[in-house]
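Residue-level listing of the chains:
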Amino acid sequence: MKSTVSLSGLLFFACIVSAAEPNMYHDGWNDLNKNGKQDDYENPALPVEKRVADLLSQMTSAEKIGQLHQTARAADEVKQFAGSLRQGDIGSFLSGAEYIETPMQRNELQHIAVEQSRLGIPLIFGYDSIHGFRTVFPIPLAMASAWEPDLFERTQTVSARETAAVGFDWTFAPMVDLARDPRWGRIAEGFGEDPWLGSLYAAANVRGFQGTNVAAPDRVVACMKHFVGYGATEGGRDYNTTEISEYTLRNFYLPQFKAGVDAGAWTFMSAFNLLPPWPASGNHHTLTEILRNEWKFPGAVVSDYTAVEELIAHGVAADPQEAARLALRAGVDMEMVSSNYFTLPEQVAGDQIPQAMIDEAVRRVLTVKFAKGLFDKPYVNESLYRTAFLNADALALAREAAAKSCVLLVNRSGDAPGYAPKKDARALLPLSKAMKKILLIGPVATNADEMLGSWAGRGRAADAVSLASGIRAKLSADSQLTVLPGCGFHPGKDEDAAQIKQAVAAVKNASVVILALGEPRAWSGESQSRTDLNVTGQQAELFDAVNRAAAKARVPVVVVLFNGRPLTLPHIAASAGAVLEAWQPGVQGGNGVADILFGEAEPTGRLPVNFPYNVGQVPFYYNHYNTGRPGVGEYKGNYVDVVTAPLFPFGYGLGYTTFTYGKVELVNNKLKRGGTLTAQVKVNNTGTRAGTETVQLYLRDIAATAGPRPVRELKGFQKVQLAPGESRVVEFKISEHELGYFDSAGHWLVEPGQFELWLAKDSSAGEPVEFELEK
């Protein structure tokens, strides 16, 4: 059993520690302070299961409940809750930006828990490192546009390194919620609307955070969130109810989470939303029947922030006692911030809940702590903190990620009205560095803070590169860059009219106009739902005024968008010479975007979501079910005031060259059970530059017995680099696995019959070919 030691004894020991040890508290010293034999749970040579069982057998009821409680308290309030740490009433610490700032603060808290409590059970420290810690990378929706899972793995490896350097053991990421409604602000945190692509990204994030050994000092425990269905919130309003059939849940909302389990994620987070008839944090079907029983998930489930207490507001629990019972029985092991679980001991005494259920939750929490190595190395190396952030490799990766996240949406050639005098002029982008007079306008132009995105971690505006700085670094000494605000982000600013007038007057003296437009980063993310998906404030008026002046002066206009969700931009898309979607690109955003604008990097990004024409089309996603009246025309389920097609479809993106596709060919049109079918298409670079094309494989099951299948489903892609004039045959192998789906009971079905296949540029392109899966 763990014994305590006086502070004077600790200081004496610290004085004789080797100079190589940077911490006041260091691993292994407490082994010198034992009374009698070493307990099994303290023996690193024993299996984790035996260590957990031994520790659990020694814990009091209060100590067990403490392991199920995560608190959020400022580190400088340590005197106010040190007693709770000594008593074992706290199992985890949640830190926001205002809480733990240094590993020294973290080690001080850990010291109390490890050296001054009866059993010495270490705390586990959690933090939201969503897309970076101090080195902030593009938002996840942006990096999903790269169609490169390895990019997520590499960026989250850096994120884990920096997060761990401060002393955090656990990150509440990745967010893998499928999102089909851009009104929902948290679409910025996820991977878009496709479960197949999202599953690749989910696994890559877990690998990046946890590595091959989650106990390593530069790795953190990953957390799959939010389980489950949170992205289907009605009206795009955060925390709202979700109505998802079991069939849709199985085939669209669960696959990304299962990919995380298969990749070895140690924790899950239960969601806020109601998934009728039960809230997600009180849903036994999803948390136990699926996650535990079907998927055999061995780790721990933590609730989202106060989600256990919110079961009362949901109307399924009358009081804290009932909320605690419902959540624990459903499968929530740890309660985040709220304290309803402290009612559980009295409920055990009253036979309202079995002790064994509490013990199982504690076992899972302790297992995660052992897996992270906290019992053997509870303290972090404080010296790493001084050299961990914004290293050269991290900044180079952030710049690469920013460029790869950009999606070129529009790039008109010289025959576009008002932009060039000759019909054979080349496309507007990339720009020439020889341009003498560049006019940069917009509320994002010089604002480095806006680059950071909705979950900026510990990122600072001083760390970030603005678009103006990125462009200026590209220009020769005799080039002139003029930067004007144009207008503000928010409506009703008195100076907007004057700023727009100033911007219009400057157009006639420019060689090119770059408009940096979008939405404030604070308008995307959690609790940032929108009903109007246009650029905010007076930016639409700014674009119209500048674009009219530019057309009159024959000056081309480039629009660069900075936003955390798809925007509705039909007017801008139809009028601008070029439109580049840059999202919220992180600390190296200005440099990465400038690399694209001036052709030092190729735009290879492809959309992971549809861009709608207007908000009335949403929810809007490519992989929808067909209706009984498909097609376009009267009595076909169309709108009378807008098309049913997207403005820009899933998978869409332009490059700086052009590609043509030949006819899709099948080696044969029948797939035998246990075999593969080969599909191929010839892709030709018809432009004058080398380029990368993302060839996408889509399938459709024409007639399924357990329910209809979507009109198209992404099942593969390949990135192909081709020189000017070069052609290549791109080949895909299709097996039974790509043809399967889940029924409403969770059974995996692969049914014989007819299928359609596309090899295309995006989800709206190409013509299908048919093949048959034999019986």
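Here, every reference points to the structure presented above.
Residues numbered from 1 in each chain as written. Predicted model: local features only at pLDDT ≥ 70, side-chain atom pairs only at ≥ 80, totals over all residues. Heavy atoms only, no water.

Draft legend 1. Summary view of the overall build of the chain. Scanning the chain for helices and strands turns up 21 helices and 27 strands. Rg of the C-alpha trace for the chain: 28 Å, near the compact-globule value of 28 Å for 775 residues, within the 12% margin. With the C-alpha coordinates aligned to their principal axes, the bounding extent of the chain is approximately 90 × 70 × 50 Å. Put simply, the chain has 775 residues, and 60% of those count as buried. A sequence separation of at least 24 residues applies to 77% of the contacts in the chain between residues at least 6 apart. A total of about 28600 Å² of accessible surface is found on the chain, and carbon and sulfur atoms cover 52% of it. (Helix = DSSP H or I, 4+ residues; strand = E, 2+ residues; numbered from the N terminus. Rg over C-alpha atoms; globule rule 2.2 N^0.38 Å. Buried < 20%, exposed > 50% of the residue type's maximum accessible area, 1.4 Å probe, protein only. Contact = heavy atoms within 4.5 Å. Areas by Shrake-Rupley, 256 points an atom, 1.4 Å probe, with all protein chains shown as cover.)

Draft legend 2. Summary view of the nonpolar core. Membership of the largest hydrophobic core comes to 142 residues, with the highest contact counts inside it found for F268, I471, V558 and L597. Broken down by element, this core gets its largest block of residues, eight residues, from helix α15 (residues 355-371). When near neighbours in sequence (up to four residues on either side) are disregarded, F268 contacts C223, M224, F227, F257, V261, L291, W295, F297, A300, V301 and V302. Grouped together as the second largest cluster of nonpolar side chains are 52 residues, F272, L484, V559 and L567 included. (Core = buried A, V, L, I, M, F, W, Y, C linked by side-chain atoms within 4.5 Å.)

Draft legend 3. How the structure looks around the sheet that holds strand β11 (residues 407-411). Spatially, the six strands line up as an open sheet ordered β11-β16-β15-β14-β12-β13, and their pairing is mixed. With partners counted over all chains shown, the strands left at the sheet margins are β11 and β13 (480-484), one partner each. Across the sheet, the mean angle from the axis of one strand to that of its neighbour is 15 degrees, orientation sign disregarded. Sheet topology note: the strand β12 (residues 437-441)/β13 ladder contains five bridges and is parallel. (Pairing = 2+ DSSP bridges. Axes fitted to C-alpha atoms, helices over the stretch in contact; angles between N-to-C directions.)

Draft legend 4. Focus on the side chain of Q256. Following the sequence through the fold, Q256 ends up in helix α10 (residues 255-262). Excluding anything up to four places from it in sequence, Q256 contacts V176, L178, D194, P195, G198, S199, A202 and M224.

Draft legend 5. Up close: the packing of aromatic side chains. Considering all chains together, one arrives at 34 aromatic pairs under this definition. Judged by centre distance (5.5 Å) and plane angle (65 degrees), the ring pair of F191 and Y201 falls under edge-to-face. With a gap of 10 residues between them, F191 in the loop between β4 (170-171) and α8 (195-210) and Y201 in helix α8 connect regions that are remote in the sequence. We note that F191, like Y201, is buried. Aromatic pair F252 and Y625: ring centres 6.1 Å apart, planes at 80 degrees, arrangement edge-to-face. Placement of F252 in helix α9 (residues 246-253) and of Y625 in the loop between α21 (589-597) and β17 (659-661) is noted, with a sequence separation of 373 residues between them. Connected via pairs of aromatic rings, a cluster forms that spans W147, W196, Y622, F650, Y698 and F717. Between R180 and the ring centre of Y621, over which it is positioned, the NZ or CZ distance is 3.7 Å. Above the face of the W455 ring, K225 is positioned so that its terminal group lies 5.5 Å from the ring centre. (Phe/Tyr/Trp six-rings, centres within 6.5 Å; stacked < 30°, edge-to-face > 60°. Lys NZ or Arg CZ within 6 Å of the ring centre and 35° of its normal.)

Draft legend 6. Inspection of the side chain of D701 at higher detail. Note on placement: D701 falls in strand β21 (residues 691-701). One buried charged residue, D701, remains without a salt bridge, the closest side chain of opposite sign being R709 at 5.5 Å. At a separation of 3.4 Å, a polar atom in the side chain of D701 contacts the main-chain amide nitrogen of A703. Beyond its immediate chain neighbours, meaning those up to four positions away, D701 contacts R709, Y741, E751, Q754 and F755. (Lys, Arg positive; Asp, Glu negative; His and termini not counted. Salt bridge = Lys/Arg side-chain N within 4 Å of Asp/Glu carboxyl O. Polar contact = N/O pair within 3.5 Å; in protein donor to acceptor, adjacent residues only side chain to side chain.)

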